[in-house]
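An overview of the molecular structure
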Amino acid sequence: PGGNILVSGTVSIVQLQYLHDGTGNTIMFTAVTLTNPGSAVTVNFCGDQRSQFPMNQLVRVNYNTGVFCSTLVTVVIVTQS
């Protein structure tokens with residue numbers, strides 16, 4: 001946890017989800033799946049970040065990893081479709 005990551009891909013799935021951390025707290029996060037030819041990666045971003053990820057757009061995302069979810073730093077739309 002705590003490392004800075006840069007990924008890019010086309011936004012294919014964006015879902016708001018909740019998780020119980022085992023201590024009685026509920027954590028809200030946004031699961032985002034980015035696809036590239038032949039691969040896909042899903043990242044769980046803390047909070048409701050749905051507005052940051054337009055569907056079917058190529059984006060470059062910078063974030064800091066965390067235990068239950070990652071902290072979003074920046075989202076850049078690379079192309080418009």
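1. Points about the overall build of the protein
- For the protein, the count of helices and strands is zero helices and five strands.
- Each helix and strand of the protein, ordered N terminal to C terminal, gives the series β-β-β-β-β.
- Its C-alpha atoms give the protein a radius of gyration of 13 Å, near enough to 12 Å, the size a compact globule of 81 residues would have.
- Principal axes of the C-alpha set define a box for the protein whose edges measure 40 × 25 × 25 Å.
- Taken across its 81 residues, the protein has 27% of its residues classed as buried.
- For the protein, the exposed surface amounts to about 4,700 Å²; the carbon and sulfur share of it is 52%.

2. Re the packing of aromatic side chains
- Across all of its chains, the model carries two aromatic pairs by this definition.
- Taken together, a centroid distance of 5.3 Å and an interplanar angle of 20 degrees make the contact between F45 and F53 stacked. In this structure, F45 and F53 share a single accessibility class: buried.

3. Concerning the side chain of Q49
- Inspection of the secondary structure assignment puts Q49 in the loop between β3 (39–46) and β4 (58–64).
- Within the local environment of Q49, its side chain forms a polar contact with the backbone oxygen of C46, the two atoms lying 3.0 Å apart.
- Dropping the residues within four chain positions of it, Q49 is found in contact with T30 and L72.

4. With respect to the pairing of β3
- With eight bridges joining them, strand β2 (residues 26–36) and β3 adopt antiparallel strand pairing. Across the sheet, N36 pairs through a bridge with S39, a residue of β3.
- Hairpin connection from β2 to β3: two residues lie between these consecutive antiparallel strands, with G38 at a positive phi of about 85 degrees.

5. As for the environment of L72
- By the element assignment, L72 lies in strand β5 (residues 71–79).
- Taking relative accessible area as the criterion, L72 reaches 18% and is therefore assigned buried.
- Remark: the alpha-carbon pair of L72 and Q17, spanning 55 residues in sequence, is separated by 16 Å.
- Ignoring anything within four residues of it in the chain, the contact list for L72 reads F45, Q49, Q52, F53, V61, N62 and Y63.

6. Some words on the sheet that holds β3
- Across the sheet, which stays open at both edges, the five strands sit in the order β3-β2-β1-β4-β5 with antiparallel pairing between neighbours. Of all the strands in the sheet, the pair left with one neighbour each is β3 and β5. The mean inter-strand angle of the sheet, taken between neighbouring strand axes irrespective of direction, is 35 degrees.
- Sheet topology places β4 next to β5; seven bridges connect them, and they run antiparallel.

Criteria and thresholds
- Residues numbered from 1 in each chain as written.
- Predicted model: local features only at pLDDT ≥ 70, side-chain atom pairs only at ≥ 80, totals over all residues.
- Heavy atoms only, no water.
- Helix = DSSP H or I, 4+ residues; strand = E, 2+ residues; numbered from the N terminus.
- Rg over C-alpha atoms; globule rule 2.2 N^0.38 Å.
- Buried < 20%, exposed > 50% of the residue type's maximum accessible area, 1.4 Å probe, protein only.
- Areas by Shrake-Rupley, 256 points an atom, 1.4 Å probe, with all protein chains shown as cover.
- Phe/Tyr/Trp six-rings, centres within 6.5 Å; stacked < 30°, edge-to-face > 60°.
- Polar contact = N/O pair within 3.5 Å; in protein donor to acceptor, adjacent residues only side chain to side chain.
- Contact = heavy atoms within 4.5 Å.
- Pairing = 2+ DSSP bridges.
- Axes fitted to C-alpha atoms, helices over the stretch in contact; angles between N-to-C directions.

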